[in-house]
Amino acid sequence: QVQLVESGGGLVQPGGSLRLSCAASGSIFSIAYMGWYRQAPGKQRELVATITSTGSTNYADSVKGRFTISRDNAKNTVYLQMNSLKPEDTAVYYCKAARLGLGYWGQGTQVTVSS
């Protein structure tokens, strides 16, 4: 089992920045990748960014150049730095860890971009 705890969401004005954190605990060995997904009201959950155990990253086209995913292996934590936020980035953001063919999800953190 892998436990994930997200933090860092909140209300921000358009053009602002936020940093999300996801701390992993439990059976963290053999985690293939971790990532951030988001789900806006009335929409399906979508991929935002992922990072593998070797540091390779992948981003949704809608966030390229604005968001950066990173990891601190010593703290078992993954971060999502979000800059130049837009109202359409408003969603619940979920952290995911993939390990041995299974996916583990955090509880989600709300990000609201509004003036």
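Above this text you will find the structure in question.
These remarks concern the structure in this document. Note that the coordinates shown come from a computational prediction; the quantities given were computed from them, not determined experimentally.

1. A closer look at the overall build of the protein
Logical step 1: Broken down by element type, the protein carries zero helices and eleven strands.
Logical step 2: Order of helices (α) and strands (β) in the protein, N terminus to C terminus: β-β-β-β-β-β-β-β-β-β-β.
Logical step 3: For the protein, the C-alpha radius of gyration of 13 Å lies close to 13 Å, the compact-globule estimate for 115 residues.
Logical step 4: In terms of overall dimensions, the protein has a C-alpha envelope of 40 × 25 × 25 Å along the principal axes.
Logical step 5: Going through the 115 residues of the protein one by one, you find that 42% of them count as buried.
Logical step 6: Counting only contacts in the protein whose residues sit at least 6 apart along the sequence, the fraction spanning at least 24 positions is 52%.
Logical step 7: Within the protein, one finds 11 positive and 6 negative side-chain charges whose respective centroids are separated by 4 Å.

2. A short note on the packing of aromatic side chains
Logical step 1: According to the stated counting rule, one finds two aromatic pairs in the structure shown.
Logical step 2: Ring geometry for Tyr 94 against Trp 105: centres 6.4 Å apart, planes inclined by 85°, an arrangement best described as edge-to-face. Taken together, the positions of Tyr 94 in strand β9 (residues 91-99) and Trp 105 in strand β10 (residues 102-105) put the pair eleven residues apart, joining distant regions of the chain.
Logical step 3: We classify Tyr 94 as buried; its relative accessible area is 15%.
Logical step 4: By relative accessible area, Trp 105 is classed as partly exposed at 35%.
Logical step 5: A network of ring pairs unites the aromatic residues Tyr 37, Tyr 94 and Trp 105 as a single cluster.

3. Regarding the nonpolar core
Logical step 1: In terms of nonpolar packing, the biggest core is built from 30 residues, with Leu 4, Met 34, Trp 36, Leu 80, Met 82 and Tyr 93 touching the most fellow members.
Logical step 2: Those elements giving two or more residues to this core turn out to be β1 (2-7), β3 (18-26), β4 (31-39), β5 (46-52), β7 (67-72), β8 (77-82), β9 and β11 (109-113).
Logical step 3: Leave out the neighbours within four places in its chain, and Leu 80 touches Leu 18, Arg 19, Leu 20, Trp 36, Val 48, Ala 49, Phe 67, Thr 68, Ile 69 and Tyr 93.

4. Some remarks on the sheet that holds β3
Logical step 1: Within the open sheet, the four strands sit side by side as β1-β3-β8-β7. Their pairing is antiparallel. In this open sheet, the two edge strands, each paired with only one partner strand, are β1 and β7. The mean inter-strand angle of the sheet, taken between neighbouring strand axes irrespective of direction, is 20°.
Logical step 2: Here six bridges tie β3 to β8, and the two strands are oriented antiparallel to one another. Bridge pairing links Arg 19 to Gln 81 in β8.

5. Re the pairing of β7
Logical step 1: The pairing of β7 with β8 spans six bridges and is classified as antiparallel. Its bridge partner being in β8, Ile 69 is matched across the sheet by Leu 80.
Logical step 2: In this structure, the hairpin formed by β7 and β8 is closed by a connection of four residues, where Asn 76 is found at a positive phi of approximately 50°.

Rules and cut-offs
Residues numbered from 1 in each chain as written. Predicted model: local features only at pLDDT ≥ 70, side-chain atom pairs only at ≥ 80, totals over all residues. Heavy atoms only, no water. Helix = DSSP H or I, 4+ residues; strand = E, 2+ residues; numbered from the N terminus. Rg over C-alpha atoms; globule rule 2.2 N^0.38 Å. Buried < 20%, exposed > 50% of the residue type's maximum accessible area, 1.4 Å probe, protein only. Contact = heavy atoms within 4.5 Å. Lys, Arg positive; Asp, Glu negative; His and termini not counted. Charge placed at Lys NZ, Arg CZ, Asp CG, Glu CD. Phe/Tyr/Trp six-rings, centres within 6.5 Å; stacked < 30°, edge-to-face > 60°. Core = buried A, V, L, I, M, F, W, Y, C linked by side-chain atoms within 4.5 Å. Pairing = 2+ DSSP bridges. Axes fitted to C-alpha atoms, helices over the stretch in contact; angles between N-to-C directions.

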